[in-house]
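# Overview (structure and organization)
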Amino acid sequence: MNHDSSLVNRLTDRLIAGELRPGERLSETALAKEFDVSRNTLREAFRVLGEQGLVTHIPHRGVSVASPSTADVVDIYRVRHHVECSVLEYAPRNHPNAVRMEAAIEAAEKFAAEENWLEVGTANMGFHNAVVSLSDSRRLMRSFANVLAELRLAFLKVEVLDFLHAPFIERNREVVEIYRSDGPGAAATILGAYLGDSERQVLGAYARAGQD
């Protein structure tokens, strides 16, 4: 991995963790110092993140964290349906990475008990990354991490983290239980319904917040 791609991954991880907010302006000087990279290296990372829809370049104003629109949310969920459900449907029944799914659920339950909804959201992202890890494809996982980063920005934009995440902790567990008991195909069906419900909730939150 070269220096630029490592920096892109580190910035993407920050987005997934909810540490960078939609619309937040990114300081080249501060980030170059923090990551100990040149401004040219940082600009190249920004260029890649821009192509991935994670940052926005505004002429004469610099770079800001992207703020997903309603149309973006619809497209994100379209990708999620195709990727997550397909990976789960064709996954081996006893894939070792299923333990990563369970670990993410346990983390979400712990943070929910503390009412730490930002970390619940991060654990939820971990669950869905673990689902895609059943593909054994590093390329697919890299691409999907970008999708989840955009999704996290959509969640943060409407700022109703408990509403968005709380109902899905138990549904994550249901997906794993069905995967282990009834098999990947049945789990994929459950996950498809789950993603449909999640999409409607996010779009409803956008509408209530008056977001386009």
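Placed above this text is the structure.
Let me begin by describing the structure that accompanies this report.

## Some details on the layout of surface pockets
The calculated volume of the largest pocket comes to roughly 450 Å³. As for the largest pocket, its lining consists of 16 residues, of which Asn-9, Met-141, Arg-142, Ala-145 and Asn-146 are closest to the centre. Of all elements in the fold, only helix 1 (3-16) and helix 7 (138-158) reach the threshold of two or more residues within the lining of the largest pocket. The residue inventory of the lining of the largest pocket, partitioned by class, reads six nonpolar, seven polar and three charged.

## Re the pattern of salt bridges
Applying the stated criterion across every chain, the model contains 13 salt bridges. Between Glu-84 and Arg-80 there is a salt bridge, with its nearest N and O atoms 2.8 Å apart. One end of the pair, Glu-84, and the other, Arg-80, are both in helix 4 (residues 70-89), four residues apart, so they sit about a helical turn from each other. In terms of burial, Glu-84 and Arg-80 fall into one category: buried. Arg-173 serves as the salt-bridge partner of Glu-109, at 3.2 Å between the closest nitrogen and oxygen. In this pair, Glu-109 sits in helix 5 (residues 98-113) while Arg-173 sits in helix 8 (residues 161-181), placing the two residues 64 residues apart along the sequence. Where salt bridges share partners, they join Arg-14, Glu-19 and Glu-34 into one cluster.

## Section: empty space enclosed by the protein
As enumerated under the stated definition, the model contains one cavity of 30 Å³ or more in all. For the largest cavity, the calculated volume is near 60 Å³. As for the largest cavity, its lining consists of Arg-80, Asn-124, His-128, Phe-155, Leu-164, His-165, Phe-168, Tyr-194 and Ser-198. Looking at the lining of the largest cavity, the elements that each hand over two or more residues are helix 6 (117-133), helix 8 and helix 9 (184-209). Broken down by element, the residue count for the lining of the largest cavity peaks at three residues, all from helix 8. In terms of residue class, the lining of the largest cavity is built from four nonpolar, four polar and one charged.

## Quick look at the side chain of Glu-28
Here Glu-28 is to be found in helix 2 (residues 28-35). By relative accessible area, which is 18% here, Glu-28 ends up buried.

## Things to note about the packing of helix 2 against helix 3 (residues 39-51)
Relative orientation of the contacting elements helix 2 and helix 3 amounts to 105°, with a least axis distance of 9 Å. Between helix 2 and helix 3, the angle falls in the class roughly perpendicular. In this structure, helix 2 contributes Glu-28, Thr-29, Leu-31 and Ala-32 to the contact, and helix 3 contributes Arg-39, Leu-42, Arg-43 and Phe-46.

Rules used in this analysis
Residues numbered from 1 in each chain as written. Predicted model: local features only at pLDDT ≥ 70, side-chain atom pairs only at ≥ 80, totals over all residues. Heavy atoms only, no water. 1 Å grid on protein atoms, 1.4 Å probe; cavity = no way out; pocket = protein on both sides within 12 Å on 5 of 7 lines; lining within 4 Å. Points joined across faces, edges and corners; volume = space filled by probe spheres on them. Helix = DSSP H or I, 4+ residues; strand = E, 2+ residues; numbered from the N terminus. Nonpolar A, V, L, I, M, F, W, Y, C, P; charged D, E, K, R; others polar. Salt bridge = Lys/Arg side-chain N within 4 Å of Asp/Glu carboxyl O. Buried < 20%, exposed > 50% of the residue type's maximum accessible area, 1.4 Å probe, protein only. Axes fitted to C-alpha atoms, helices over the stretch in contact; angles between N-to-C directions. Parallel < 35°, antiparallel > 145°, perpendicular 65-115°, else oblique. Contact = heavy atoms within 4.5 Å.

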